[in-house]
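Take a look at the letters that make up each chain.
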Amino acid sequence: MSDVMKWSSSVLETTPRRWQELAVSLPVELLSLPPAPGEWSAVQCLLHLIDTEREVFPGRVRCFLAGQDFPAFNPEAEGSRGSSLSPQDLAGKFARLRQASLELLRQVQPADLARTARHQELGLVTLEQMLYEWAGHDLNHT
């Protein structure tokens with residue numbers, strides 16, 4: 001397994017567990033505190049991770065494997081605004097979505113990492129770059 005696959009998978013595998021631990025150990029009030037202007041609350045970060053797990057990163061992997069370009073994602077325009085689910089339920093939902101994504105990643109071969117696709121804003125990117133981005137995105141929102 002390549003380093004990028006090993007490192008990315010390590011982050012992607014642990015993020016759901018971290019969110020589940022946060023959701024059960026911290027009060028809902030703390031996770032839902034209104035953020036500073038231009039920032040997101042913890043629950044909003046978790047909703048964003050769910051959005052990107054459902055709508056963005058796995059779809060991008062499929063595009064790379066199919067030799068297709070992919071669109072940008074605007075979380076302000078396309079993301080969830082809220083949820084009636086508890087943080088624990090949201091963390092569980094995220095964990096289930098991530099499990100499916102990890103199954104998809106197991107199909108990626110080392111030679112696939114050099115595949116390219118065009119992103120509307122970033123231009124030409126490799127699957128390897130996108131996997132680093134995905135892991136970094138997880139760390140940024142946890």
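Note that the coordinates shown come from a computational prediction; the quantities given were computed from them, not determined experimentally.

1. Some points on the layout of surface pockets
By volume, the largest pocket is sized at about 270 Å³. Every element with two or more residues in the lining of the largest pocket is listed here: helix 3 (42–55), helix 4 (57–66) and helix 7 (127–140). Ranked by residue count, the leading element in the lining of the largest pocket is helix 7, at 4 residues. Partitioning the lining of the largest pocket into residue classes produces 9 nonpolar, 5 polar and 3 charged.

2. Things to note about the environment of Thr 116
Examined against the element boundaries, Thr 116 turns out to sit in strand 1 (residues 116–119). Exposure remark for Thr 116: the relative accessible area of 40% places this residue in the partly exposed category. Separated by 11 residues in sequence, Thr 116 and Leu 127 have C-alpha atoms that sit 6.3 Å apart.

3. Thoughts on the confidence of the model for the protein chain
Here the protein chain averages 93 in pLDDT, and 99% of its residues register 70 or above. The spread of mean pLDDT over the elements of the protein chain runs between helix 5 (residues 75–78), the lowest at 80, and helix 6 (residues 87–105), the highest at 97.

4. Here we look at the pairing of strand 1
Look at any regular strand and the pattern is simple: side chains alternate between the two faces of the sheet. Burial of strand 1 is one-sided: the residues Ala 117 and His 119 facing one way are buried, the residues Thr 116 and Arg 118 facing the other way are not. One ladder, built from 4 bridges, connects strand 1 with strand 2 (residues 123–126); its direction is antiparallel. What sits directly across from Thr 116, in strand 2, is Thr 126. Linking strand 1 to strand 2, which pair antiparallel, is a turn of 3 residues.

Calculation criteria
- The residue numbering used here restarts from 1 in each chain and proceeds along that chain's sequence as written.
- Totals for whole chains, interfaces and linings use all residues, but because this is a predicted model, local features are given only for residues with pLDDT of at least 70 and pairs of side-chain atoms are given and counted only at 80 or more.
- To get the side-chain values, all heavy atoms of the structure are used, and hydrogens and water are removed first.
- Site definitions follow a grid-based scheme: protein atoms alone, a 1 Å grid, a 1.4 Å probe that fits but cannot get out for cavities, and for pockets an open set with protein on both sides within 12 Å along at least five of seven lines, plus lining residues having an atom within 4 Å of a point.
- Grid points are joined across faces, edges and corners, and a volume is the space filled by probe spheres set on the points.
- For the purposes of this entry, the term helix denotes a DSSP run of H or I that reaches at least four residues, the term strand denotes a run of E that reaches at least two, and both are numbered from the N terminus.
- Residues are sorted three ways: Asp, Glu, Lys and Arg are charged, Ala, Val, Leu, Ile, Met, Phe, Trp, Tyr, Cys and Pro are nonpolar, and all the rest, Gly among them, are polar.
- Any residue under 20% of the maximum accessible area for its type is buried, any over 50% is exposed, and the rest in between are partly exposed; the area is computed with a 1.4 Å probe on protein chains only.
- Predictor confidence is given residue by residue as pLDDT, running from a minimum of 0 to a maximum of 100.
- The rule for pairing is simple: two strands pair if DSSP sees at least two bridges between them.

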